[in-house]
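# Commentary on secondary and tertiary structure
Read off the chains here:
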Amino acid sequence: MCKACKGKYYMTTAIAYTSGKPHIGNTYEIVLADAIARYKRQEGYDVYFQTGTDEHGQKIELKAQEAGITPKAYVDNVAGEVKKIWDLMNTSYDNFVRTTDADHEAQVQKIFKKLYEQGDIYKGYYEGLYCTPCESFFTESQLVDGKCPDCGGEVQPAKEEAYFFKMSKYADRLIEHINTHPEFIQPVARKNEMMNNFLLPGLQDLCVSRTSFTWGIPVDFDPKHVVYVWLDALTNYITKIGYDADGDSSDLFTKNWPADLHLIGKDIIRFHTIYWPIFLMALDLPLPKQVFGHPWLLQGEGKMSKSKGNVLYADELVEMFGVDAVRYFVLHEMPFDNDGVISWELMVERMNSDLANTLGNLVNRTISMSNKYFGGVVNNAGAAEPVDDQLKEVVTGARDRINAKMGELRVADAITEVFTLFKRCNKYIDETMPWALAKDEEKKARLETVLYNLVESISIGANLLAPFMPETTEKILTMLNDRTREFEELAAFDLRENGIRVTDQPEILFERLKLDEVMQNVEELHPSAPDADKEGEGDEADAAAGEEAVIDIELKAEITFEEFGKMQFQVGEILACEEVKKSKKLLCSQVKVGSQVKQIVSGIRKYYSAEEMVGKKVMVLVNLKPAKLAGVLSEGMLLCAEDADGNLALVVPEKEMPAGAEIC
């Protein structure tokens with residue numbers, strides 16, 4: 001079918017801030033976006049996929065000074081590094097933007113002037129607490145433990161002349177839009193956070209210019225001011241597809257705006273769901289159809305940062321595992337609305353079990369048997385048995401199951417569905433035992449049919465895998481001597497013509513790895529820190545480092561299996577959550593368990609806000625005797641893990657499970 005038949009699909013990532021080389025957590029976003037873009041193209045959409053770099057601001061100016069070079073030279077270097085990594089990860093973007101591009105800068109100046117002339121921007125001065133890394137001002141009440149609420153960093157008092165945007169002028173209109181467009185902010189927990197924490201309490205006017213540094217786009221009618229980085233950065237979504245504030249916008253803009261999807265990290269959801277929509281309203285432009293704030297990819301238990309020394313980079317992972325293995329890992333390990341975790345150990349486990357065994361071994365065995373028994377020629381001899389229908393049901397139904405997941409941006413679940421198909425193929429081999437059929441000449445037709453079914457199933461699976469692991473798909477189809485299929489064909493079977501040969505030398509798609517060898521390579525990449533004695537830490541630091549790796553707790557008295565069996569654990573879904581007014585520690589959650597809703601009070605307010613609890617899948621002890629905590633009835637217990645410092649983390653299912661699923 002015509003690739004444009006389903007219409008346009010304009011999607012963007014957040015533009016990467018050019019403060020340094022992007023780590024794998026930053027890179028996850030571009031891989032996620034690429035998987036969505038490739039899938040939409042496979043469906044038949046005319047996709048325009050935009051990414052790029054955000055290059056202005058005080059932080060960049062300071063880093064350039066430290067490096068002894070100009071800000072432009074600094075961002076040129078970093079932007080080049082970002083683009084290099086995006087290309088390394090085989091991402092199929094259509095446009096890589098830079099906010100230092102002349103056309104963007106000219107339009108930002110026009111936009112600023114237009115908003116000023118129509119009365120949305122006015123001059124005043126700002127006095128508040130400023131976070132340099134976030135390029136943001138905050139009031140005292142917005143701080144968390146005296147620190148920046150976004151990054152946790154230090155804030156400094158600041159006062160300067162500035163231009164301001166009248167945010168409150170459009171607040172009611174934005175609230176109405178969010179309420180009438182439930183798909184606008186996803187996941188739903190992000191919407192609740194924006195409404196309850198920012199919009200409903202009332203918006204303050206937003207500072208949109210600065211005078212304390214010079215690395216930015218000058219306000220052309222008041223050049224001592226530079227445009228605030230967020231007004232500059234956010235407008236790339238329209239300026240770089242040809243928006244013109246004077247009314248002479250390009251055909252590309254007319255075709256693609258409004259955006260179908262802004263894909264961003266959850267830490268910048270406020271800027272994209274409050275500031276950006278209000279800017280668009282002021283420009284009399286339609287709002288994007290959806291903003292998806294994806295979770296973070298964590299190294300261990302924390303967000304990656306150079307200061308913590310827990311940073312992994314895409315190029316290092318690719319050197320160890322290959323591009324598609326890294327793509328698979330970051331896509332597969334990220335839940336829809338909870339943070340994912342990355343580690344060298346988990347990468348090796350997935351490489352060996354999912355990629356080398358489930359997929360690689362399946363392809364290798366099928367091709368090898370086709371060559372051994374039929375000289376590589378694949379034919380459907382029509383010798384069908386009921387087990388074939390069971391295989392075909394899984395294979396032909398996979399496309400629609402994947403389509404449903406991708407329609408909700410549940411990419412991890414979609415790629416799991418692809419591997420469910422491959423696992424069913426492996427089971428089919430065990431059920432049909434081709435090696436046994438080969439021993440009986442009268443069963444030659446049955447053996448031919450079994451191998452045809454396997455090749456056809458793998459081909460369909462490989463096509464479905466293409467958005468997620470494009471290089472692997474190409475390798476598999478080449479070895480099978482098969483073609484790329486249209487989206488409509490992916491729910492059909494028996495499309496491969498008889499008599500086509502597979503390759504006589506199957507390629508090993510993924511090599512099994514030994515963890516100790518991988519960790520030795522990691523040590524060579526990142527040698528251990530200098531001896532603690534040289535740093536004045538001594539043996540106590542070594543001991544402390546060892547204690548952080550594991551936690552030993554005092555064992556309780558043994559219980560019997562019968563005693564354990566009295567406890568009932570199930571998966572629950574948090575429908576609503578609020579703070580317990582009489583306590584600083586407690587949250588009260590309404591938790592759906594099967595068809596029931598239980599009220600559960602938990603002492604986790606220090607670690608989770610009420611808003612971010614909504615929508616989470618959690619593990620629940622459901623038959624705990626009800627009790628009152630701070631005067632509020634609690635009908636169960638949410639399971640948490642606790643580290644040596646007393647920090648808590650909810651225990652959540654590794655994969656998507658329905659509310660009420662038994663934990664056993």
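First, a word on scope: everything that follows refers to the structure included in this document. This one's a predicted model, so the numbers in the text were calculated from it and none came from an experiment.

## A closer look at the overall build of the chain
Assigned secondary structure in the chain consists of 22 helices and 28 strands. With the principal axes as the frame, the chain shows a C-alpha extent of 90 × 70 × 60 Å. Sorting the 664 residues of the chain into buried and exposed places 52% on the buried side. For the chain, restricting intrachain contacts to residue pairs at least 6 apart in sequence, the fraction spanning at least 24 positions comes to 75%. In the form shown here, the chain has an accessible surface area of approximately 30600 Å², with 49% of it arising from carbon and sulfur atoms. Positive and negative side-chain charges of the chain, numbering 73 and 107 respectively, have mean locations separated by a distance of 4 Å.

## What about the nonpolar core?
By size, the foremost hydrophobic cluster in this structure holds 103 residues, and its most contacted members are I24, I36, F321, L359, F419, F468 and F510. Broken down by element, this core gets its largest block of residues, 12 residues, from helix α13 (residues 344–374). Excluding residues that lie within four positions of it along the chain, F510 makes contacts with A325, M351, L355, A356, L359, M469 and T472.

## Remarks on the packing of helix α11 (residues 314–321) against helix α12 (residues 323–332)
Taken N-terminus to C-terminus, the directions of α11 and α12 make an angle of 115°; their axes are 7 Å apart at the nearest point. Crossing angle aside, the handedness with which α11 passes α12 is right-handed. Residue-level contacts link L317, V318 and F321 of α11 to V323, A325 and V326 of α12. Partitioning the contact of α11 with α12 into residue classes produces six nonpolar, no polar and no charged.

## A few points about the sheet that holds strand β7 (residues 156–165)
The four strands are arranged β6-β5-β7-β9 in an open sheet whose pairing can be described as antiparallel. Two strands lie at the open edges of the sheet, namely β6 (136–138) and β9 (206–207), each paired on one side alone. Where strand β5 (residues 121–131) and β6 come together, three bridges link them in antiparallel fashion. What sits directly across from L129, in β6, is F138.

## Section: helix α3 (residues 71–88)
Residue pairs spaced three or four apart in an α-helix point in one direction, given the helix's 3.6 residues per turn. With 18 residues, α3 extends 26 Å from end C-alpha to end C-alpha; this agrees with the ideal 26 Å at 1.5 Å per step. Three or more residues of α3 are buried, namely Y74, V75, V78, A79, V82, I85 and W86. Along α3, the residues classed as buried sweep out an arc of 125° about the axis, all on the same side. Every exposed residue of α3 that faces more than 90 degrees away from the buried side is listed here: N77 and K84. Here the buried face of α3 lies against β2 (16–17), α1 (24–43), β3 (46–54), α2 (58–67), β4 (95–98) and α11. A positive phi of about 60° marks N90, the residue just after α3.

## A short note on the pattern of salt bridges
Evaluated as defined, the whole model comprises 40 salt bridges. We note a salt bridge from K40 to E43, for which the minimum N-O separation is 3.1 Å. In this pair, K40 and E43 are both assigned in helix α1, three residues apart and thus about one turn of the helix distant. Of the two residues, K40 and E43, both sit in the buried class. Notably, a salt bridge pairs K255 with D46, separated by 2.5 Å at the nearest N-O pair. Separated by 209 residues along the polypeptide, K255 in helix α9 (residues 251–256) and D46 in strand β3 bring together distant segments of the chain. Among the residues examined, K255 registers a relative accessible area of 42% and is labelled partly exposed. Under the relative-accessibility criterion, D46 is labelled partly exposed at 26%.

Rules and cut-offs
Residues numbered from 1 in each chain as written. Predicted model: local features only at pLDDT ≥ 70, side-chain atom pairs only at ≥ 80, totals over all residues. Heavy atoms only, no water. Helix = DSSP H or I, 4+ residues; strand = E, 2+ residues; numbered from the N terminus. Buried < 20%, exposed > 50% of the residue type's maximum accessible area, 1.4 Å probe, protein only. Contact = heavy atoms within 4.5 Å. Areas by Shrake-Rupley, 256 points an atom, 1.4 Å probe, with all protein chains shown as cover. Lys, Arg positive; Asp, Glu negative; His and termini not counted. Charge placed at Lys NZ, Arg CZ, Asp CG, Glu CD. Core = buried A, V, L, I, M, F, W, Y, C linked by side-chain atoms within 4.5 Å. Axes fitted to C-alpha atoms, helices over the stretch in contact; angles between N-to-C directions. Left-handed = near helix turned anticlockwise from the far one by under 90°. Nonpolar A, V, L, I, M, F, W, Y, C, P; charged D, E, K, R; others polar. Pairing = 2+ DSSP bridges. Expected span 1.5 Å × (residues − 1). Arc of directions from axis to C-beta. Salt bridge = Lys/Arg side-chain N within 4 Å of Asp/Glu carboxyl O.

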